[in-house]
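# Geometric and topological summary
Chain residues, written in single-letter form:
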Amino acid sequence: MIDAIITSLDKDYLAATPNSDIDVNMLLGKKIQYIDKNDKIWPGIVTAVDEPFVIVRFDDFPTGLGQGQMIQILDAES
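Residues numbered from 1 in each chain as written. Predicted model: local features only at pLDDT ≥ 70, side-chain atom pairs only at ≥ 80, totals over all residues. Heavy atoms only, no water.

## Focus: the side chain of Asp36
- By the element assignment, Asp36 lies in the loop between strand E3 (31-35) and strand E4 (41-50).
- The charged side chain of Asp36 is buried without a salt bridge, its nearest counter-charge being Lys40 at 6.1 Å.
- A distance of 3.0 Å separates polar atoms of two side chains, one belonging to Asp36 and the other to Trp42. (Helix = DSSP H or I, 4+ residues; strand = E, 2+ residues; numbered from the N terminus. Buried < 20%, exposed > 50% of the residue type's maximum accessible area, 1.4 Å probe, protein only. Lys, Arg positive; Asp, Glu negative; His and termini not counted. Salt bridge = Lys/Arg side-chain N within 4 Å of Asp/Glu carboxyl O. Polar contact = N/O pair within 3.5 Å; in protein donor to acceptor, adjacent residues only side chain to side chain.)

## Notes on the sheet that holds strand E5 (residues 53-58)
- The 6 strands lie next to each other as E1-E2-E5-E4-E3-E6, forming a closed barrel whose pairing is antiparallel. Neighbour to neighbour, the strand axes of the sheet diverge by 45 degrees on average, direction disregarded.
- The pairing of strand E1 (residues 2-9) with strand E2 (residues 14-18) spans 5 bridges and is antiparallel. Across the sheet, residue Ile5 finds its bridge partner in E2, namely Thr17. (Pairing = 2+ DSSP bridges. Axes fitted to C-alpha atoms, helices over the stretch in contact; angles between N-to-C directions.)

Here it is as structure tokens:
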């Protein structure tokens, strides 16, 4: 699992920067999750890469999400 910092948001997707030195192209298609302050898990997927960012879309876009918050990229190794 790799943590990534949210760098920008749009109405239905976000861009995030991984906290590890990794080829972001290897993250395409990886599942992600965001855990909110109530410990609710919001699943999503890396749908595109725009180096050094990954583009993430959620099944349902989380409420209260903002820049600087962390998401987790699952099944990825640094």
